Amino acid sequence: MLESLSLRCGACGHTEPLDSLAWRCAKCHGVLDLDGFAAAPPSLAGLAGRGTSLWRYREALPIAEPADITMGEGMTPLVGAPGRPGVTLKVDHLMPTGSFKDRGAVMLVALAARLGVARLMADSSGNAGTAVAAYAARAGIACDVYVPADTSAGKVGQLRAYGATVHQIPGSREDTARAAALAAGEPGVFYASHVYHPFFVHGTKTYVYEVWEQLGGRLPDTLVLPVGNGTLVLGAHLACAELLEAGYIERFPRIVAVQAAGCAPLAAAFAGGSPVPANIATQGTVAEGIAIARPARGAQILAAVRATGGAVVTVTDEQVRAAHAALARSGLYVEPTSAVCWAAIEAGEVEPQGTVVAPLCGSGLKSKPPVM
Ligand SMILES: [Zn+2]
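Computed from a predicted structure; not experimentally measured.

Following the criterion strictly, the structure yields 5 aromatic pairs and no others. Pairing tryptophan 23 with tyrosine 196 gives two aromatic rings, centres 4.8 Å apart and planes at 80°, and the pair type is edge-to-face. Within this pair, whereas tryptophan 23 is found in the loop between strand 2 (15-17) and strand 3 (32-35), its partner tyrosine 196 is found in the loop between strand 9 (190-191) and helix 5 (198-204), the two being separated by 173 residues in sequence. By relative accessible area, tyrosine 196 is classed as buried at 18%. Plain terms: the ring middles of tyrosine 57 and tyrosine 209 are 5.4 Å apart, the flat faces sit at 40° to each other, and that makes the pair tilted.

Bound to the zinc ion on the protein side are Cys9 (SG), Cys12 (SG), Cys25 (SG) and Cys28 (SG), at distances that span 2.3 Å. Classification of the site at the zinc ion as tetrahedral follows from its 4 donor atoms and the range of 100 to 118° in their angles at the metal. Each donor residue of the zinc ion lies on the same chain, and together they follow the pattern C-x2-C-x12-C-x2-C.

What follows covers the packing of helix 7 (residues 231-245) against helix 9 (residues 298-307). Contact pair helix 7 / helix 9: the axes reach a minimum separation of 10 Å and the direction vectors enclose 45°. It follows from the interaxial angle that helix 7 and helix 9 lie oblique. Relative to helix 9, helix 7 is oriented so that their crossing is left-handed. Counted together, Val233, Leu234 and His237 of helix 7 and Gln300, Ile301, Ala304, Val305 and Ala307 of helix 9 form the full contact between these two elements. Tallied by class, the residues present in the contact of helix 7 with helix 9 amount to 6 nonpolar, 2 polar and no charged.

Core analysis: the largest hydrophobic core is formed by 43 residues, its most contacted members being Leu18, Ile63, Met107, Leu120, Cys143, Phe190 and Phe199. Counting residues per element, the ones that place at least two in this core are strand 1 (6-9), strand 3, helix 1 (102-115), strand 6 (119-123), helix 2 (127-139), strand 7 (142-148), helix 3 (153-161) and helix 5. Ranked by the residues each element gives to this core, the list is headed by helix 1, at 8 residues. The contacts of leucine 18, once residues within four sequence positions are left out, are Leu2, Leu5, Ser6, Leu7, Leu34, Leu111, Leu115, His197 and Phe199. Counting 35 residues, the second-largest nonpolar core is a separate cluster that includes Ala60, Leu223, Leu243 and Ala304.

The subject of this paragraph is helix 2. Taking 1.5 Å of rise per residue, the 13 residues of helix 2 would be expected to cover 18 Å, and the 18 Å separating its terminal C-alpha atoms lies within 8% of that figure. Judged by how many residues are buried, helix 2 sits mostly within the fold: 10 of 13 residues are covered. The set of residues buried in helix 2 consists of Asn127, Ala128, Gly129, Thr130, Ala131, Val132, Ala133, Ala134, Tyr135 and Ala136. Where helix 2 is buried, its residues contact helix 1, strand 6, strand 7 and helix 3. Looking one or two residues past helix 2, glycine 140 carries a phi angle of roughly 75°, positive in sign.

Let us look at the layout of surface pockets. To find the voids left in a structure, one rolls a probe of water-molecule size over its atoms. Volume-wise, the largest pocket comes out at about 480 Å³. Top element by residues in the lining of the largest pocket is helix 4 (residues 173-184). It accounts for 5 residues. For the lining of the largest pocket, the per-class residue count stands at 12 nonpolar, 3 polar and 6 charged. Considering only enclosed or pocket space, the second largest pocket measures out at about 340 Å³ in volume. Lining the second largest pocket are 16 residues, and of these Asp33, Val201, His202, Leu234 and Leu238 sit closest to its centre. Mapped onto the lining of the second largest pocket, the elements with two or more residues apiece are strand 3, helix 5, helix 7 and helix 9. Sorting elements by how many residues they give to the lining of the second largest pocket places helix 7 first, with 5 residues. Split into classes, the residues belonging to the lining of the second largest pocket amount to 10 nonpolar, 3 polar and 3 charged.

Okay, the side chain of lysine 90 next. Looking at the element boundaries, lysine 90 is found in strand 5 (residues 84-90). Classification of lysine 90 by relative accessible area gives buried; the value is 0%. Polar side-chain contacts of lysine 90 include one of 2.8 Å to the side chain of glutamate 210. In contact with lysine 90, not counting residues within four places along its chain, are Met75, Thr76, Pro77, Leu78, Arg103, Tyr207, Glu210, Val211, Gln214, Ala358, Pro359 and Leu360.

Further remarks concern the sheet that holds strand 1. Note: strands within a sheet are paired through backbone hydrogen bonds, in either parallel or antiparallel orientation. Here 3 strands make up an open sheet; going across it, the order is 2-1-3 and the pairing antiparallel. The open sheet has two edge strands with one neighbour each: strand 2 and strand 3. Each adjacent strand pair in this sheet contributes to an overall mean axis angle of 35°, direction not counted. Of the pairings in the sheet, the one linking strand 1 to strand 2 comprises 3 bridges and is antiparallel in character.

Reading the values: the criteria
Residues numbered from 1 in each chain as written. Predicted model: local features only at pLDDT ≥ 70, side-chain atom pairs only at ≥ 80, totals over all residues. Heavy atoms only, no water. Phe/Tyr/Trp six-rings, centres within 6.5 Å; stacked < 30°, edge-to-face > 60°. Helix = DSSP H or I, 4+ residues; strand = E, 2+ residues; numbered from the N terminus. Buried < 20%, exposed > 50% of the residue type's maximum accessible area, 1.4 Å probe, protein only. Donors = N, O, S within 2.8 Å, 3.2 Å for Na, K, Ca; no water. Tetrahedral: all angles 85-135°; square planar, octahedral: opposite > 155°, others 65-115°. Axes fitted to C-alpha atoms, helices over the stretch in contact; angles between N-to-C directions. Parallel < 35°, antiparallel > 145°, perpendicular 65-115°, else oblique. Left-handed = near helix turned anticlockwise from the far one by under 90°. Contact = heavy atoms within 4.5 Å. Nonpolar A, V, L, I, M, F, W, Y, C, P; charged D, E, K, R; others polar. Core = buried A, V, L, I, M, F, W, Y, C linked by side-chain atoms within 4.5 Å. Expected span 1.5 Å × (residues − 1). 1 Å grid on protein atoms, 1.4 Å probe; cavity = no way out; pocket = protein on both sides within 12 Å on 5 of 7 lines; lining within 4 Å. Points joined across faces, edges and corners; volume = space filled by probe spheres on them. Polar contact = N/O pair within 3.5 Å; in protein donor to acceptor, adjacent residues only side chain to side chain. Pairing = 2+ DSSP bridges.

Quick look at the structure:
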């Protein structure tokens, strides 16, 4: 199946073979999407009796299950939200490495293994890097991870435990991305980028496939999702489009994407009617996992949210801290970034009508000490 797939630039149409290890368009530096793949989502009845890894949706995924790499990622439970009957939380922090990023990482490493690369690299504020490092370890592939120097000790320790070489880069998240881009240009390196590689989004889309299956073959009225680089928003939108195309849902749910007020280029663009992220200066935020000033797929994210009739909203650090504490007091210990959706719901930023599903994306056990 891989032979029929290629990477295509959404901006200029330039294409590269999937095995070229290209991570962005060689002509215009645009982002690449997967070309030549059509998902054929399995029916609800067809899913009965399948294993609980995300390859239960194998007809919708661009690569076959790597039996020796999977760690049973996926099918995280839905639980009721504290005090709000219409809201359901999907506890995606119960993944093998403690974050939803395992959904995309397993796809990237499965591809790297099939392409036979000896070394891969990633950059991350933490969770994506740990996810890639874990699956690289599982696959026996050497891994370099670039992180900002102020990344929490818990996340760096987890990376090293997996055997990854950790490069701690002084400065902003963008400085880390620049250092990674330089290294990614070296020959023979597979850049397992959660931002640039389209396989990642084909992994994160299983979040919505699971919600659809767990709700008995339907989706809620509203999906509330955190947004920084937008991997979950884009994955959710892709899954909704595939389920709609297959006739399994009748309409898109609204996607309400949540940013931290201290770093909100997408919310500013949404409010101003712009198709591209606003040029902003980061003011810092406790929600470190979504503090992305220049999201490479920003235009795609804005288009996806608008197509669903949704919105990009913001929450303040004060609201995030309060939501983080409230979740913990109801038994759900997540990292501060994972509290942004609950903060937006509590702040009234999400229309109260209809049913709502929101994820808890990352475990609190590897974040900085509690901020309450
Ligand atoms: Zn291009």
